[in-house]
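# Examining the three-dimensional arrangement
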Amino acid sequence: MKASAFAYARATSVVNALELLAAHGDKAKVLSGGQSLMPAMNLRLISPELIVDINGIAELRGIAVRGDTLKLGALTRHVDLMRSPEIAAHAPLLARAIAHIAHPAIRNRGTLGGSLAHADPASELPACMLALNATIIMRGPGGERRMAAEDFFTGIYETALSVQELLVAVELPVAHKNAAYFFDEFARRHGDYAIVGLAAQAIVKDGIFADLRLAFFAVGDRPVLAKIATKLVGGEVTPAILSDASMALGEQLDPQEDQQASASMRRHLAKVLLARCVSALLGRPDLKAGGSA
Ligand SMILES: Cc1cc2nc3c(=O)[nH]c(=O)nc-3n(C[C@H](O)[C@H](O)[C@H](O)COP(=O)(O)OP(=O)(O)OC[C@H]3O[C@@H](n4cnc5c(N)ncnc54)[C@H](O)[C@@H]3O)c2cc1C
């Protein structure tokens, strides 16, 4: 199948892109890497009348460290994040996660902003944004808006972006000296979308979590920052404490059933990932089985 007929405009600047979006409203779509937009158009799931190509806007690209903040342009491609020394030093979780996104051809074109704006609940990068406590930066007719990643994702393929706004950048705090990271997912084949995944950031001091952010994905309509992390912070994690946290996780998550997995299988896999994560971050092989009540 081929896409319906559409008009094409190559935006020359952010201001120009915003003018085009303001003029055409919900009849226009932004084109970034095109790795989700073009398949959706070819399948005629969507039929925009105008494509606003932002690939020529240099100010939307790049990775910069300013003081304690890492700023990532929306047009930064997956492959550039994966190979960046700044990401390796300050946000290594991203490089680990991107290794699980599809295959090189898709990572060569797909962008950070496109992945976040697309908001597939089984995507790796939205969950990483929650784990890393990211701020999403948007620009629209009313100027710039900044929002915590936790508030940005509002449903399946839904975000806080309006049709007249562009996602322009993301800011992350640079890695703390005691930071540790975990990323893992279950998928049918490497590169497939996850059945269940977990991206986590922790601060570990003397074998104890001083902070822990657990972002699960493919367990609901958006990535989920697990509240049960508080049960594991501030004291020694015993098998009984982990078992209690694991049970509470099962209650907090509300996964959906699809052709890949039932809701109960997804809950089970999330608990397996929790145990692997806590065991790996604390260097405690005794916790890998998930603890016992
Ligand atoms: C075969 C295949 C396998 C894949 N597997 C995975 C996977 O395992 N994990 C995963 O996470 N992804 C996967 N993807 C998707 C891939 O990561 C895409 O790159 C990503 O979802 C969208 O990024 P993009 O830059 O290509 O965005 P586009 O396709 O250009 O755009 C996606 C959507 O976001 C909007 N948009 C884009 N940029 C902006 C912006 N700056 N501001 C506002 N709106 C914007 C577009 O209008 C569109 O609605 C896969 C894709 C394919 C084709």
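Now for a description of the structure that goes with this document. This is a predicted model, so every value here is computed, not measured.

### Quick look at the pattern of salt bridges
Tallied over the entire structure, the rule returns 11 salt bridges. Put simply, Asp-221 and Arg-222 hold a salt bridge, and the shortest N to O gap is 2.9 Å. Using a relative accessible area of 27% as the deciding quantity, one classes Asp-221 as partly exposed.

### Side note on the sheet that holds strand S1 (residues 7–10)
If you trace the 3 strands from one edge of the open sheet to the other, you get S1-S3-S2, paired in parallel fashion. Every other strand in the sheet has two partners, leaving S1 and strand S2 (28–31) as the edge strands with one partner each. Put simply, the sheet's adjacent strands are angled 25° from each other on average, direction ignored. Here S2 pairs with strand S3 (residues 50–53) via 4 bridges, running parallel. Each bridged residue has a counterpart across the sheet, and for Leu-31 the counterpart in S3 is Asp-53. Contacting S1, S2 and S3, helix H1 (residues 14–24) crosses the sheet at an angle of about 165° to S3.

### Topic: the sheet that holds strand S10 (residues 166–173)
Within the open sheet, the 5 strands sit side by side as S4-S5-S10-S6-S7. Their pairing is antiparallel. Each end of this open sheet is capped by a strand with a single partner; those strands are strand S4 (63–66) and strand S7 (143–148). On average, adjacent strands in this sheet sit at an angle of 25° to one another, irrespective of strand direction. Where strand S6 (residues 135–140) lies against S7, 6 bridges are found, and the strand directions are antiparallel. Bridge pairing links Met-138 to Arg-145 in S7. Across the sheet, H1 is in contact with S6 and S10; its angle to S10 comes to roughly 130°.

### Re the environment of Ala-175
Tracing the sequence through the fold places Ala-175 in the loop between S10 and strand S11 (179–186). Taking relative accessible area as the criterion, Ala-175 reaches 23% and is therefore assigned partly exposed. As for Ala-175 and Lys-288, which are separated by 113 residues in sequence, their C-alpha atoms are 26 Å apart. With residues near it in sequence (within four places) discarded, Ala-175 still touches Ala-89, His-90 and Tyr-181.

### Details of the site of the ligand
Taken together, 29 residues lie around the ligand, and Val-30, Gly-34, Leu-37, Thr-111 and Ser-123 are the ones closest in. Measuring from an oxygen atom of the ligand, one finds a backbone N or O atom of Gly-34 at 2.7 Å. Between the ligand and Gln-35, the relevant distance is 2.8 Å, taken from an oxygen atom to a main-chain nitrogen or oxygen of the residue. Here the ligand has 960 Å² of accessible area as a free molecule, and 88% of this is covered by the chains. If you list the elements that add at least two residues to the shell around the ligand, you get S2, helix H7 (112–118) and S10.

### Quick word on the environment of Lys-29
Structurally, Lys-29 is set in strand S2. Accessibility expressed as a relative area gives 38% for Lys-29, which makes it partly exposed. Measuring from C-alpha to C-alpha, the distance between Lys-29 and Arg-189 comes to 31 Å, with 160 residues separating the pair along the chain. Excluding anything up to four places from it in sequence, Lys-29 contacts Leu-37, Ile-46, Pro-48, Leu-50, Ile-51 and Val-52.

### Some words on the environment of Ile-98
For Ile-98, the location among the structural elements is in helix H5 (residues 92–98). Note: C-alpha distance between Ile-98 and Met-82 (16 residues apart in sequence) is 6.5 Å. The contacts of Ile-98, once residues within four sequence positions are left out, are His-78, Leu-81, Met-82, Arg-107 and Leu-125.

Thresholds, definitions, all that
- Residues numbered from 1 in each chain as written.
- Predicted model: local features only at pLDDT ≥ 70, side-chain atom pairs only at ≥ 80, totals over all residues.
- Heavy atoms only, no water.
- Salt bridge = Lys/Arg side-chain N within 4 Å of Asp/Glu carboxyl O.
- Buried < 20%, exposed > 50% of the residue type's maximum accessible area, 1.4 Å probe, protein only.
- Pairing = 2+ DSSP bridges.
- Helix = DSSP H or I, 4+ residues; strand = E, 2+ residues; numbered from the N terminus.
- Axes fitted to C-alpha atoms, helices over the stretch in contact; angles between N-to-C directions.
- Contact = heavy atoms within 4.5 Å.
- Near = heavy atom within 4 Å.
- Polar contact = N/O pair within 3.5 Å; in protein donor to acceptor, adjacent residues only side chain to side chain.
- Areas by Shrake-Rupley, 256 points an atom, 1.4 Å probe, with all protein chains shown as cover.

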